[in-house]
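# Results of the structural survey
Each chain, letter by letter, is given below.
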Amino acid sequence: MRDAYHEELDSIGDSLIEMARLVGSALGRATTALLDADLALAESVIAADEKINNLHHELENRAIDLLARQQPVATDLRIVVTSLRMSADLERCGDLARHVAKVARLRYPESAVPSDLHATVLEMGQLAQRLVAKAGLVIATKDVDKALELEQDDDAIDALHRELFAHLIDDRWQHGIETAVDVTLVGRYYERYADHAVSVAKRVVYLVTGEHVDDFVASSEAAGE
């Protein structure tokens with residue numbers, strides 16, 4: 001019985017890793033659809049979000065079932081509860097990738113992003129994709145040090161987000177209000193996507209150490225003094 005129980009716990013972790021893979025793929029394809037005005041690709045991202053949602057709901061049901069049947073305590077309880085929260089973060093990443101794809105679909109056959117901003121948006125998409133891939137690796141390895149790196153990695157996304165905003169408020173902006181709205185939304189979607197990836201990593205720190213990130217860092221620094 002205990003072996004079956006721990007297999008169920010492991011399967012929840014496997015589902016989280018699969019969700020991270022799927023939302024990373026979704027964002028990469030959504031970014032291509034956005035910049036290349038690829039309607040078919042945008043539609044495929046929007047349709048594929050249902051699989052991510054289904055995984056999220058299945059994970060929720062399994063976790064709640066475990067809580068009801070096994071009444072886990074201590075570390076096992078932390079695994080179940082934290083997994084539910086990570087699943088919600090990853091599901092939201094999938095939603096944000098879908099939002100990017102919907103902007104691409106809305107502006108087809110034109111690209112929603114002006115050509116002079118393509119490089120910035122592409123870099124945001126690639127960085128966000130790398131963040132969620134790293135979050136998936138952190139889930140798999142329970143590597144606290146790597147988890148702590150994600151917040152610093154996220155600074156690059158924030159800098160690019162500020163760069164986009166600087167273009168929007170520049171007096172030389174010539175792309176109109178509609179495009180400004182699109183770029184504002186897209187920039188926000190990437191920024192929020194990265195935040196959710198960071199949130200997943202922080203939850204792994206809590207899962208492993210039993211401490212929230214700020215407390216863990218503070219206690220580690222105090223121990224090192």
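I will try to describe carefully the structure that is included in this document. All figures in this text were calculated on a predicted structure; none of them were measured in a lab.

## Brief notes about the nonpolar core
The biggest cluster of nonpolar side chains holds 68 residues, and the ones touching the most others in it are Leu34, Leu90, Val121, Tyr190 and Tyr193. At the level of elements, α1 (2-36), α2 (39-70), α3 (74-107), α4 (118-141), α5 (144-169), α6 (176-209) and α7 (213-224) are the ones that each hand at least two residues to this core. The element that contributes the greatest number of residues to this core is α1, accounting for 14 residues. Those residues in contact with Val121 that sit more than four places away from it in its chain are Thr31, Leu34, Leu35, Val113, Leu164, Val186 and Tyr190.

## Section: the packing of aromatic side chains
For the structure shown, the criterion picks out zero aromatic pairs. Stacked on the ring of Tyr206, the Lys or Arg Arg78 has its end atom at 5.9 Å from the ring centre.

## With respect to the pattern of salt bridges
Tallying each qualifying case throughout the model produces 16 salt bridges. The salt bridge partner of Arg21 is Glu18, with a shortest N-O separation of 2.7 Å. Within this pair, Arg21 and its partner Glu18 are both found in helix α1, separated by three residues, close to a single helical turn. The partly exposed category is assigned to Arg21, whose relative accessible area is 48%. Between Asp182 and Arg107 there is a salt bridge, and its shortest N-O distance comes to 2.6 Å. Placement of Asp182 in helix α6 and of Arg107 in helix α3 is noted, with a sequence separation of 75 residues between them. By relative accessible area, which is 5% here, Asp182 ends up buried. Residues participating in the shared-partner salt-bridge network are Asp49, Arg92, Asp95 and Arg98.

## Here's the deal with the packing of α3 against α6
In contact at an axis separation of 9 Å, α3 and α6 are set at 165 degrees when each is read in the N-to-C sense. One element, α3, and the other, α6, form an angle in the roughly antiparallel class. Between α3 and α6 lies a crossing of left-handed hand. Taken together, the residues of the contact of α3 with α6 sort by class into 17 nonpolar, five polar and nine charged.

Reading the values: rules and limits
Residues numbered from 1 in each chain as written. Predicted model: local features only at pLDDT ≥ 70, side-chain atom pairs only at ≥ 80, totals over all residues. Heavy atoms only, no water. Core = buried A, V, L, I, M, F, W, Y, C linked by side-chain atoms within 4.5 Å. Buried < 20%, exposed > 50% of the residue type's maximum accessible area, 1.4 Å probe, protein only. Helix = DSSP H or I, 4+ residues; strand = E, 2+ residues; numbered from the N terminus. Contact = heavy atoms within 4.5 Å. Phe/Tyr/Trp six-rings, centres within 6.5 Å; stacked < 30°, edge-to-face > 60°. Lys NZ or Arg CZ within 6 Å of the ring centre and 35° of its normal. Salt bridge = Lys/Arg side-chain N within 4 Å of Asp/Glu carboxyl O. Axes fitted to C-alpha atoms, helices over the stretch in contact; angles between N-to-C directions. Parallel < 35°, antiparallel > 145°, perpendicular 65-115°, else oblique. Left-handed = near helix turned anticlockwise from the far one by under 90°. Nonpolar A, V, L, I, M, F, W, Y, C, P; charged D, E, K, R; others polar.

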